[in-house]
Amino acid sequence: MKLEENITLPVIAINNLSKSFGSNIVLKDFNLNLYKKQNLVVLGKSGSGKSVLIKCIIGLLKPDKGSIEVFDKNLPDLNDLELDKIRAKVGFLFQSNALYDSMTVRENLEFPLRRHWIKHNQGEVEQLVTEALNDVGLLHTIEMMPSELSGGMRKRIALARTLILKPDIILYDEPTTGLDPITGKEIIKLMIDIKKKYGTAALIISHDMNCVKMAADKIVILYEGKCYAEGTYNELTENNDPNVKQFFE
Amino acid sequence: MSQAILLKSFFEETGKTFRFILRFLLQWFKPRYEVAEFFRQCYVIGYKSLPLIGLTGFIMGLVLTMQLRPTMIEYGVESQIPIIVAISIVREIGPVITALIFAGKIGSSIGAELGSMKVTEQIDAMEVSGTNPFKYLVVSRVMATTLMLPILALLSDAISLYGAYLGVNIKGDTSFTLFWTQIFDSLSFNDVLPAFIKTYFFGFAVGIIGCYKGYNSNKGTEGVGKSANSAVVLSSILIFILDLLAVQITDLLGFN
């Protein structure tokens, strides 16, 4: 991975990112690079600012300071249309899945296709929906409502919706939270398969060590709003710093 | 001290609501226009409210007539019942009761729907899917409530008057033609127009308050319940305040 980092430019480059809410400083001069075909896990305790970081990367939150370059474009400087174009290349799997309750699985998947600036005809829409559902093994749920699905199925459908625009980067916000260990492992395996099949880069926010161990090419530890340590799983397990060690014990 | 805090929070909330209204007005003019979603909301908000509005309107007309009858008989003006009922329904009771029922049904449903979308990150998901959630969810709903309530109020008035006709005939004997002739003779442009215009403002109030409460919902499922509840309470209060203002304005303009 180190060799690859040296010869390619990052698809996401975050420099000196700071974000606070009132007097609560969440991120302080945070730096991070994500490279093509890399699975990068941001590890941190609950409330350490992981979700704030991922929401800044997708443009849902505006940073107070610093730059977030996605495909060489600094997000805070973009207008709505430019941001929309970047978002079409970046998939986001929400922690709560965020499936639209009032829509069927088909309509949930069609929604991003119909709303983004890239226009698709009905045949293409049908084909993309079928392909995305096949990828997650849930084609039979196409006419079901989200309320009829189990937690694991909902996560898979949310993943299918993320995949439908064929993104170059996928952001996963705690993908295994709320799932039993077996379903959690299935989701992690699916994430790895997606990377292999589509060559996507992924930024995974998690505190599930199973997920970290299985999916991470590289790990960044977020502590007190900063990038505290980084390395591979094996490198970090050997780190004796108590703030790092606590995650691997 | 606690009163000062309450006063501060009241003014803060009022300020935020006005900012939300301003945002609505700015977004309303900007493309892209969510025409399909607007028509869908008109169907959900207007057409699906019709049975409830119709039923309450019918009962309102019927009960009002039955309640009025003894007093009217006492004063020897029983024949004037259709006129009294028509004026009270068209000018005041019809629009206000319809708006209150509408606030209970639609205000709470908008508050709860947007509130649950907010806490389950569906609004964020919409934004990352290339959609302006404010335009898609708020503008379309507020426009639909603003346009649908006047239509519902007119229909409710008509159904109420039909209920009144049945009420008159429970113990009396008035022909259908005579009843409606009396009503149309007694009503003037000054009765219908101000009442019709104020329902646009009632509809706007129900929509904007429901959306504001839902869109700014927090604290998980508890917050969703609070959003739905406060949307109904606040929009009902606002309907009475707007009604009071409407009466004063129509009086000043010489419509009374």
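Calculation rules
Residues numbered from 1 in each chain as written. Chains lettered and ligands numbered in written order. Predicted model: local features only at pLDDT ≥ 70, side-chain atom pairs only at ≥ 80, totals over all residues. Heavy atoms only, no water. Helix = DSSP H or I, 4+ residues; strand = E, 2+ residues; numbered from the N terminus. Rg over C-alpha atoms; globule rule 2.2 N^0.38 Å. Buried < 20%, exposed > 50% of the residue type's maximum accessible area, 1.4 Å probe, protein only. Contact = heavy atoms within 4.5 Å. Areas by Shrake-Rupley, 256 points an atom, 1.4 Å probe, with all protein chains shown as cover. Lys, Arg positive; Asp, Glu negative; His and termini not counted. Charge placed at Lys NZ, Arg CZ, Asp CG, Glu CD. Phe/Tyr/Trp six-rings, centres within 6.5 Å; stacked < 30°, edge-to-face > 60°. Axes fitted to C-alpha atoms, helices over the stretch in contact; angles between N-to-C directions. Left-handed = near helix turned anticlockwise from the far one by under 90°. Nonpolar A, V, L, I, M, F, W, Y, C, P; charged D, E, K, R; others polar. Buried area = accessible area lost by both parts, 1.4 Å probe. Salt bridge = Lys/Arg side-chain N within 4 Å of Asp/Glu carboxyl O. Polar contact = N/O pair within 3.5 Å; in protein donor to acceptor, adjacent residues only side chain to side chain. pLDDT = per-residue confidence, 0-100. Pairing = 2+ DSSP bridges. Patch = residues over 30% accessible without salt bridge, like charges linked within 9 Å, V, L, I, M, F, W, Y side chains within 5 Å. Core = buried A, V, L, I, M, F, W, Y, C linked by side-chain atoms within 4.5 Å.

S.K.: What am I meant to see in the overall build of chain A here?
M.R.: When you go through chain A residue by residue, the secondary structure sums to 10 helices and 10 strands. Over its C-alpha atoms chain A spans a radius of gyration of 18 Å, differing by no more than 12% from the 18 Å that the globule rule assigns to 249 residues. In terms of its C-alpha atoms, chain A occupies a principal-axis envelope of roughly 55 × 40 × 40 Å. Counting all 249 residues of chain A, 53% fall into the buried class. In chain A, 66% of the contacts between residues at least 6 apart in sequence involve partners at least 24 apart. Of the roughly 11300 Å² of accessible surface on chain A, 50% is carried by carbon and sulfur atoms. Counting 32 positive and 33 negative side-chain charges, chain A places the centres of these two groups 1 Å from one another.

S.K.: Looking at this structure, I do not really get the packing of aromatic side chains. What am I missing?
M.R.: Centre-to-centre distance and the angle between the planes together describe a pair of aromatic rings. The full count for this structure, using the stated rule, is 22 aromatic pairs over all chains. Both rings, one in F111 of chain A and one in Y136 of chain B, keep their centres 5.6 Å apart while their planes meet at 85°; by these two values the pair is edge-to-face. Here Y136 of chain B lies in helix α6 (residues 133-171) and F111 of chain A lies in helix α4 (residues 105-115), a pairing that spans two chains. A residue is classified by how much of its surface remains accessible, and F111 of chain A, at 6% relative accessible area, is buried.

S.K.: Hey, could you run me through the packing of helix α3 (residues 50-74) of chain B against helix α4 (residues 81-119) of chain B in this one?
M.R.: In a pair of packed helices, the angle between the axes and the distance between the axes together describe the arrangement. Residue and element names in this part refer to chain B. Contact pair α3 / α4: the axes reach a minimum separation of 10 Å and the direction vectors enclose 145°. Pair α3 / α4 crosses with right-handed handedness. Across the interface between the two elements, L52, I53, T56, M60, G61, L64, T65, L68, R69 and M72 of α3 pack against I81, I84, V85, S88, I89, I93, G94, I97, T98, I101, F102 and K105 of α4. A class-by-class count of the residues in the contact of α3 with α4 yields 14 nonpolar, 6 polar and 2 charged.

S.K.: Just checking my understanding: could you explain unusual backbone geometry for this structure?
M.R.: Across the chain, the bulk of peptide bonds are trans and the bulk of non-glycine residues have phi less than zero. Put simply, P31 of chain B and R32 of chain B share a cis peptide bond, and its omega is 10°. Examined against the element boundaries, R32 of chain B turns out to sit in the loop between α1 (2-29) and α2 (35-45). Positioned with a positive phi, E224 of chain A is a non-glycine residue whose angle comes to about 50°. Here E224 of chain A shows up in the loop between β9 (218-223) and β10 (226-231). Phi angles above zero are rare outside glycine, and E121 of chain B is one such case at about 65°. With respect to the helices and strands, the residue E121 of chain B is situated in the loop between α4 and α5 (122-128).

S.K.: Can you walk me through the interface of chain A and chain B in this structure?
M.R.: When the parts come together, some accessible area is lost, and that loss is often what is quoted as the size of the interface. Contact residues are listed per partner, giving 23 residues for chain A and 16 residues for chain B. Interface of chain A and chain B: buried area, both sides summed, is about 1600 Å²; carbon and sulfur atoms make up 46% of it. At the boundary of chain A and chain B, one finds 4 salt bridges. Residue E121 of chain B is joined to K55 of chain A by a salt bridge in which the shortest nitrogen-to-oxygen separation is 3.4 Å. For the pair chain A and chain B, the interface holds 10 residue pairs in polar contact (both at pLDDT 80 or more). Broken down by secondary-structure element, the contributors of at least two residues to the side of chain A that touches chain B are α3 (80-87) and α4 of chain A. In terms of residues, the side of chain A that touches chain B owes the most to one element, α4 of chain A, which gives 4 residues.

S.K.: Hey, could you run me through the confidence of the model for chain A in this one?
M.R.: Atomic detail in the predicted coordinates should be set aside for any region of low pLDDT. Averaged over every residue, the pLDDT of chain A is 88; the share at 70 or more is 96%. When pLDDT is averaged over each element of chain A, strand β7 (residues 169-173) of chain A comes out on top at 93 and helix α1 (residues 2-7) of chain A at the bottom at 48.

S.K.: Honestly, the sheet that holds strand β5 (residues 73-74) of chain A in this entry has me stumped. Any pointers?
M.R.: The strands that make up a sheet pair up through hydrogen bonds in the backbone, lying either parallel or antiparallel. All names here are of chain A. Spatial strand order, β2-β1-β4-β5: 4 strands in an open sheet with antiparallel pairing. On the outer flanks of this sheet lie β2 (24-34) and β5, each paired with one strand and no other. Note: strand β4 (residues 65-70) against β5, 2 bridges, orientation antiparallel. The partner of V70 across the bridge, within β5, is K73. Packed on one face of the sheet, helix α2 (residues 50-57) meets β1 (12-21), β2 and β4 and runs near 120° to β1.

S.K.: I'm lost on a nonpolar patch on the surface in this one. Help?
M.R.: On the surface, a cluster of nonpolar side chains totalling about 700 Å² of accessible area is made up of V233, I237, I241, L245, I249, L252 and L253 of chain B. Relative to the elements of secondary structure, L252 of chain B occurs in helix α9 (residues 220-252).

S.K.: I'm lost on the nonpolar core in this one. Help?
M.R.: In summary, soluble globular proteins display a tendency toward joint burial of nonpolar side chains. Grouped together as the largest cluster of nonpolar side chains are 75 residues, with contacts concentrated most on I14, L53, L171 and L203 of chain A. If one sorts the elements of this core by residue count, α6 of chain B sits on top with 10 residues. With residues up to four places along the chain from it excluded, the contact list for L171 of chain A reads I12, I54, I57, I58, V90, G91, F92, L93 and L203 of chain A. L190, I194, M209 and F247 of chain A belong to the second largest nonpolar core, which has 46 residues in total.

S.K.: Where do I start with the pattern of salt bridges in this structure?
M.R.: Should the charged atoms of two oppositely charged side chains come close, the side chains can pair. One pass over the full model with this rule turns up 26 salt bridges over all chains. We note a salt bridge from E186 of chain A to R156 of chain A, for which the minimum N-O separation is 3.4 Å. Residue E186 of chain A is found in helix α7 (residues 181-198), and its partner R156 of chain A is found in helix α6 (residues 151-163); the two are separated by 30 residues along the sequence. Classification of E186 of chain A by relative accessible area gives partly exposed; the value is 39%. A single network of salt bridges, built from pairs that share partners, joins E37, R40, E113 and R141 of chain B.

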